[in-house]
Protein chains: 2
Amino acid sequence: MPLLTDIGTLVTCAASGGQGDITPVRDAALAWEGGRIRWVGALKDLPAEYHAWDRESAAGQLVVPGLVDCHTHLAFGGWRTEEFSQRILGHSYLDIAAAGGGILSTVRKTRAASGEELGSRAAAHLAAMARLGVTTVEAKSGYGLTLDDELRLLQVYRDLGTGPQRIVPTLLAAHTVPPEYRGRGDAYVDLVCEQIIPEAARRGLARFCDVFVEEKSFSVEQGRRVLVAGKRHGLRPKIHADQITSGGGAELAAEVGAASADHLEQVSNQGIERMREAGVVAVTLPFASLYLHVAPVRARRLIEAGVAVAVATDFNPGSAPSYHLPFAMTLACTLQRMTPAESLKGAAIIAARAVGLEDEVGSLESGKSADFAVIEAESVDQWLYHLRDNACVRTVTQGREIWRA
Amino acid sequence: MPLLTDIGTLVTCAASGGQGDITPVRDAALAWEGGRIRWVGALKDLPAEYHAWDRESAAGQLVVPGLVDCHTHLAFGGWRTEEFSQRILGHSYLDIAAAGGGILSTVRKTRAASGEELGSRAAAHLAAMARLGVTTVEAKSGYGLTLDDELRLLQVYRDLGTGPQRIVPTLLAAHTVPPEYRGRGDAYVDLVCEQIIPEAARRGLARFCDVFVEEKSFSVEQGRRVLVAGKRHGLRPKIHADQITSGGGAELAAEVGAASADHLEQVSNQGIERMREAGVVAVTLPFASLYLHVAPVRARRLIEAGVAVAVATDFNPGSAPSYHLPFAMTLACTLQRMTPAESLKGAAIIAARAVGLEDEVGSLESGKSADFAVIEAESVDQWLYHLRDNACVRTVTQGREIWRA
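If you're wondering where the values come from, they're calculated on a predicted model, not measured in any experiment.

## Comments concerning the domain arrangement of chain A
Residue and element names in this part refer to chain A.
- Taken domain by domain, chain A comprises domain 1 (2–66 + 362–404) and domain 2 (67–354).
- Of the residues lining the interface, 36 residues belong to domain 1; the matching set on domain 2 comes to 33 residues.
- There are one salt bridge connecting domain 1 and domain 2.
- In this structure, the salt-bridge partner of D371 is R166, at a minimum N-O distance of 2.9 Å.
- At the boundary of domain 1 with domain 2, the tally comes to 15 residue pairs in polar contact (both at pLDDT 80 or more).
- Only β5 (62–65), α15 (380–385), β15 (392–397) and β16 (400–404) provide two or more residues apiece to the side of domain 1 that touches domain 2.

## Details of the relation of the copies chain B and chain A
- When chain B is brought onto chain A, the operation consists of a screw motion whose angular component is 180 degrees and whose axial shift is 0.0 Å, with 0.0 Å RMSD remaining. Look at the turn and shift together and you get a two-fold axis relating the two. Across chain B, the rotation axis passes nearest the C-alpha of D389(B), at a separation of 2.2 Å.
- Taken as a fraction of all interface residues of chain B, those also at the interface in chain A reach 100%, which identifies the copy contact as same-surface.

## Section: the nonpolar core
- Of all hydrophobic cores here, the largest spans 224 residues; its most connected members are L74(A), L344(A), W383(A), L74(B), Y188(B), L344(B) and W383(B).
- In this structure, L344(B) is in contact with V11(B), C13(B), I22(B), V64(B), L67(B), M329(B), V380(B) and W383(B), ignoring residues within four places of it in sequence.

## Here we look at the pairing of strand β1 (residues 2–11) of chain A
Residues and elements named next belong to chain A.
- Buried residues dominate β1, accounting for nine of its ten residues.
- Here four bridges tie β1 to strand β4 (residues 54–57), and the two strands are oriented parallel to one another. When the sheet's bridge partners are listed, P2 is paired in β4 with D54.
- As paired elements, β1 and strand β2 (residues 24–33) share six bridges and run antiparallel to each other. Within the sheet, the bridge partner assigned to I7 lies in β2 and is A28.
- Relative to β5, β1 runs parallel, the two being bridged by two bridges. Paired with L10 across the bridge in β5 is V63.

## Some points on the pattern of salt bridges
- Within this structure, the stated rule accounts for 52 salt bridges over all chains.
- Here R158(A) ties to D159(A) by a salt bridge, and the two come within 3.5 Å at their closest N and O atoms.
- In this structure, the salt-bridge partner of R203(B) is E199(B), at a minimum N-O distance of 2.9 Å.
- Of the residues examined, E199(B) reaches a relative accessible area of 17% and is grouped as buried.
- The structure contains a network of salt bridges with shared partners spanning R36(A), R166(A), E360(A) and D371(A).

## A word on the sheet that holds strand β11 (residues 260–263) of chain B
Residues and elements named next belong to chain B.
- Strand order in the open sheet formed by eight strands is β6-β7-β8-β9-β10-β11-β12-β13, and the pairing between neighbours is parallel. Two strands close off the open sheet at either side, each with one partner strand: β6 (67–69) and β13 (309–311). With direction set aside, neighbouring strand axes in the sheet form an average angle of 25 degrees.
- With three bridges joining them, strand β12 (residues 281–284) and β13 adopt parallel strand pairing. Counterpart to T284 in the pairing with β13 is V311.

## Observations concerning the sheet that holds strand β11 (residues 260–263) of chain A
Residue and element names in this part refer to chain A.
- The strand order across the open sheet formed by eight strands is β6-β7-β8-β9-β10-β11-β12-β13, and the pairing between neighbours is parallel. Lying at the two open borders of the sheet, with one neighbouring strand each, are β6 (67–69) and β13 (309–311). When strand polarity is set aside, the average angle formed by the axes of neighbouring strands in this sheet is 25 degrees.
- Here β6 pairs with strand β7 (residues 134–140) via three bridges, running parallel. When the sheet's bridge partners are listed, L67 is paired in β7 with V134.
- Those strands touched by helix α7 (residues 220–232) are β8 (166–174), β9 (208–212) and β10 (236–241), and its axis lies near 175 degrees from that of β9.

## Description of helix α9 (residues 269–278) of chain B
Residues and elements named next belong to chain B.
- If you check which residues of α9 are buried, you get G271, I272 and M275. Summarising the axial view, the buried residues of α9 lie within an arc of 100 degrees, below the 170-degree limit, and thus occupy one face.
- Elements in contact with the buried residues of α9: α8 (249–256), β11, β12 and α11 (299–304).
- G279 lies just past α9 and shows a positive phi near 70 degrees.

What counts, and at which threshold
- Residues numbered from 1 in each chain as written.
- Chains lettered and ligands numbered in written order.
- Predicted model: local features only at pLDDT ≥ 70, side-chain atom pairs only at ≥ 80, totals over all residues.
- Heavy atoms only, no water.
- Domains from an automatic or database assignment.
- Contact = heavy atoms within 4.5 Å.
- Salt bridge = Lys/Arg side-chain N within 4 Å of Asp/Glu carboxyl O.
- Polar contact = N/O pair within 3.5 Å; in protein donor to acceptor, adjacent residues only side chain to side chain.
- Helix = DSSP H or I, 4+ residues; strand = E, 2+ residues; numbered from the N terminus.
- Least-squares fit on C-alpha atoms with pLDDT ≥ 70 in both.
- Core = buried A, V, L, I, M, F, W, Y, C linked by side-chain atoms within 4.5 Å.
- Buried < 20%, exposed > 50% of the residue type's maximum accessible area, 1.4 Å probe, protein only.
- Pairing = 2+ DSSP bridges.
- Axes fitted to C-alpha atoms, helices over the stretch in contact; angles between N-to-C directions.
- Arc of directions from axis to C-beta.

In structure tokens, the structure reads:
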């Protein structure tokens, strides 16, 4: 049974304490067996029963929990490269969408792609994420927008779930109104609530149900219908809230008991207060702020108000074309003014809570899944400050090595 | 003699045209011999004399000029990790400097480090930069601030110049006033002008002379003295201008005929106009804006005014702890609203102009040095938009391969 020693610093990221409490342990050891952590602590405290286990060296490096990317749109057709320059030169995200670009452009390309193509592209992205230390990935549908196409995307995620990383599938049929339903948003919401949600749930293809509440997408009332329907079929709510306009999305998240409200660049003070009361995780997405040229989310305000703040990539072909979670974590520090420890906890145990896996992943504690990353850095601060292409030198998930530099 | 074919797109980045004109060539070929480019163009136009050359395949990828990082503080002792959280939590760069942190903290660590240690750390950073496609690196002194310590840093750069990358050494003795001269800035400027500049020039250790004109560093008048003294000894002027406060640095750059004015977050409209008239390159440093939480430079205003805008990392242990030039180029797009083509030209031929090497590197043209990078992307737009750890799969400088994925 493996015992990792020579760990310069290990951070457990246990849930207890504040957002910045990551519980560092110097000169640590980590023992695991059958994919589960058996023991973690300072090497000098290692119980005798582990002394004879097979030692592996971490060469004095930093060990962190396997990272959890709790908000991605992992499988999609094509790219939207051309929108990058359009936005730089002043076209807004909503303008581009109104002109047939944006999400609907990806919907067209996704519908036209084979399931095999969607799966192999997503698998390549997952492999790249493994090299960055990411072991759990939430993945949303939402580029199909028909019963068949939404189920097809969720099936891609089901198949990817046999790969090395844990995939958490989220049904986002209510991503935007598809062209066939233009001007008939309520009728599309009927389809989502009466057919897509029940069928996805019946087949066990989704764990969460998400909706994009935004001026040009769905109203709070429509969002409520979608999330309530999801709950009725056993899907926990999530919500794209208050990204471009402040529209009561955070308040709705609290009302329906969502696991998370995501984006939140424009969240109101009242929304923050409701989220705190209801224990909704705030999922912040710094790439989306950066690529859409919008003011970053007020993460300090959220943290000071007592809301747990996660950090994710929002990986998608339009507004966040990067799966580089550590880079997003550095941007959470620089753009959102989160400390490196707060940022890491936001991509570990708090992100795990946002995907309902806080008892399984996101921290290094006895009994949890043996998911960890070895980082070439002296400390979490040094890791996220000294921005490199990749500082992760080893990734292990469920006790199995999936990357070594 | 090598002939690179199967190039999906090659961008020459020739100096002619506007900032966004990178001159793409589809289905291109590139021939070089003895470290020099002999021919570049569309494969269908390849003259008969090159048909028998040894063909290498670029596998349909993008080929760009070897990148030029035209502003770095490459050799330094220690790091300043602790300042990252301090700034995130609201301490300003100038406050931290006033409390003994900032540049002077690195000066202490650099003076205490051996030349061998400084050299081996810098060499490791250069090797990482090679993997990102960077083939020319400007490197400043400025963490010594005594005659001996400044010369020692320049000697480190001279020794690194025998390595694979071109090093352009800049004397930045006037980086800040050292503790021994606290309150006696003019006396330190005397030392710089009368001893450090002449000695560095006499030994042929520097090509440029730089000064940090800023409220807490040197006045415009002091900056003028330093740059005029440098010119008298054959060192071309450069200037750290208008970073944190608007202090007439850009105007001084124009007055003394500087090759570049760098930073410019707070540049005045008059400063922009003077730079345009004098042909001074604007070197923009998006990492520094990001890490110091300051508003980014108005790059579009500069470009529209007819100033050539370069993009560099500013790699240093405090305000820009990253040597990842392609990340900086993406940030130039998102934060500074430069198009991907403008950003690339800013890290190629315009950066070459900022270091006086525009006849040697920075574009792929017959007669120039065979410095190029092969990038896994369909286009420059796709490369800089789809942010990955590293998209560079091969780097060649002076005809020699220094990196292959």
